[in-house]
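The primary structure of each chain is shown beneath.
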Amino acid sequence: MSEPSDAAHPGSADPVAPDPVPVDADPTGAGAADADPVRTALLAALVELERHVGEQGFDQGPRLFALVRTDDLVAAEPALAEHLGLRSTAEGGFPEALTPVEQEFTPGADLVGALSRIEWPPSVDGCALACERSFLPAGDQAAEVPDDPDEATAFVAEHPDRQDVRVVVGVLRTGHRHGVARLVSHPEDLLGGSDLVPGLAEVLAYTLHPDEGPHGPDHRPHPAAEEPRE
């Protein structure tokens, strides 16, 4: 699996919420009944991203994506949109559809630290992160986990009951957030939830609104992320 630093401490934030639900293969299909097209579009983008990342199997490092409204991308870059086969809402595309744009991202061991230094330009409507995590199922094992974060990481990584999972979490400037997950032990099932990995979602939301941290405006300088690329 990915580096041990990606392991989650079961005593803090579980990488998969206790009540994730199966995700439809096509959240935008005829059976979609969600009254919120933005939420549906975010879920559809995450499902597609998980499928895209999954084509290279497990044992991958974290991958970061900007999320841009397809209508805006079609209007700003019509030639690129045609090359990618994108359709605006006026052309029959799904309302509020999002186009993911992968970014160059090499966080090293400190994933949260690397994310917290990102500030997206206004043209980016949201962002998503795909990463692999290790965790222990809820139970007696949690009491055995060391308090020291590094020791806890090693303990979880070496435990025989460890579960490995790929998660894709996305947030939007509108406040919408969602996540999908696929367990290595059950690759046929895709699970999802609006609060799947709350800690990771909070960090991603901070990159979109760096001046609205939990303690008020943050005046530390943040290097701007690159504009979306082809």
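Since the structure is predicted, the reported quantities are computational estimates derived from the model, not experimental observations. (Residues numbered from 1 in each chain as written. Predicted model: local features only at pLDDT ≥ 70, side-chain atom pairs only at ≥ 80, totals over all residues. Heavy atoms only, no water.)

### Quick word on the overall build of the protein
When helices and strands are counted, the protein shows 6 helices and 7 strands. Counting helices and strands in the order they occur from the N terminus, the protein gives β-α-β-α-α-β-α-β-α-β-β-β-α. Looking at the protein as a whole, 44% of its 230 residues qualify as buried. Sequence-distant contacts, at least 24 apart, represent 71% of the contacts inside the protein between residues at least 6 apart. (Helix = DSSP H or I, 4+ residues; strand = E, 2+ residues; numbered from the N terminus. Buried < 20%, exposed > 50% of the residue type's maximum accessible area, 1.4 Å probe, protein only. Contact = heavy atoms within 4.5 Å.)

### Some remarks on a negative patch on the surface
Judged by side-chain charge, D147, D148, D150 and E151 come together as a negatively charged surface patch. Note on placement: D148 falls in the loop between β4 (126–135) and α5 (149–158). The class of D148 is partly exposed, set by a relative accessible area of 34%. (Patch = residues over 30% accessible without salt bridge, like charges linked within 9 Å, V, L, I, M, F, W, Y side chains within 5 Å. Areas by Shrake-Rupley, 256 points an atom, 1.4 Å probe, with all protein chains shown as cover. Salt bridge = Lys/Arg side-chain N within 4 Å of Asp/Glu carboxyl O. Lys, Arg positive; Asp, Glu negative; His and termini not counted. Charge placed at Lys NZ, Arg CZ, Asp CG, Glu CD.)

### Quick notes on helix α6 (residues 198–208)
A large share of α6 lies buried, amounting to 8 of its 11 residues. Of the positions making up α6, those classed as buried are L200, A201, V203, L204, A205, Y206, T207 and L208. On its buried side, α6 packs onto β2 (63–69), α4 (111–116), β4, β5 (163–172) and β6 (177–183).

### Remarks on the pairing of β4
For a regular strand, the rule is simple: side chains alternate between the two faces of the sheet. Buried residues dominate β4, accounting for 10 of its 10 residues. With burial as the criterion, each face of β4 is covered, one bearing G126, A128, A130, E132 and S134 and the other bearing C127, L129, C131, R133 and F135.

### Here we look at the pattern of salt bridges
Counted by the stated rule, this structure contains 8 salt bridges. The partner of R182 in a salt bridge is E50, with the nearest N and O atoms 2.8 Å apart. Within this pair, whereas R182 is found in strand β6, its partner E50 is found in helix α1 (residues 37–54), the two being separated by 132 residues in sequence. Linked through salt bridges whose partners overlap, the residues forming this network are R69, D71, D72 and E96.

### Here we look at the environment of F94
Structurally, F94 can be placed in the loop between α3 (78–84) and β3 (98–102). Judged by relative accessible area, F94 falls into the partly exposed class, the value being 29%. Along the primary structure F94 and P37 are separated by 57 residues, whereas in three dimensions their C-alpha atoms are 8.6 Å apart.

### Considering α1
Between its terminal C-alpha atoms α1 stretches 25 Å, which fits the 26 Å expected from 18 residues at 1.5 Å a residue. Each element contacted by the buried residues of α1 is listed here: β2, β3, β4, β5 and β6. The opening residue of α1 is D36, an N-cap whose side-chain oxygen sits 3.0 Å from the backbone nitrogen of V38. (Expected span 1.5 Å × (residues − 1). Polar contact = N/O pair within 3.5 Å; in protein donor to acceptor, adjacent residues only side chain to side chain.)

### A few points about the environment of T99
Of note, T99 is situated in strand β3. Note on T99: relative accessible area 8%, which makes it buried. Contact partners of T99, with chain neighbours within four places excluded, come to A66, L67, V68, T70, L73 and L86. A polar contact of 2.8 Å, which involves the side chain of T99, links it to the side chain of T70.

### Looking at the pairing of β6
The buried count for β6 comes to 6 of 7 residues, which makes it a mostly enclosed element. The hairpin turn running from β5 into β6, its antiparallel successor, is 4 residues long, and G175 in that turn takes a positive phi close to 100°. In the sheet, β6 pairs with strand β7 (residues 191–193) via 3 bridges, with the strands oriented antiparallel. Its bridge partner lying in β7, G179 is registered against G193. (Pairing = 2+ DSSP bridges.)

### Regarding the nonpolar core
L64, F105, L115, W120, L129, L200 and L204 are the most contacted members of the largest nonpolar core, which totals 27 residues. For this core, the secondary-structure elements that each account for two or more residues are β2, α4, β4, β5, β6 and α6. Per element, the largest residue contribution to this core is 5 residues, and it comes from α6. When sequence neighbours within four positions are dropped, the list of residues in contact with F105 reads P62, L64, L111, A114, L115, I118 and L129. One finds V47, L49, A130 and V180 within the second-largest nonpolar core, a separate group that totals 18 residues. (Core = buried A, V, L, I, M, F, W, Y, C linked by side-chain atoms within 4.5 Å.)

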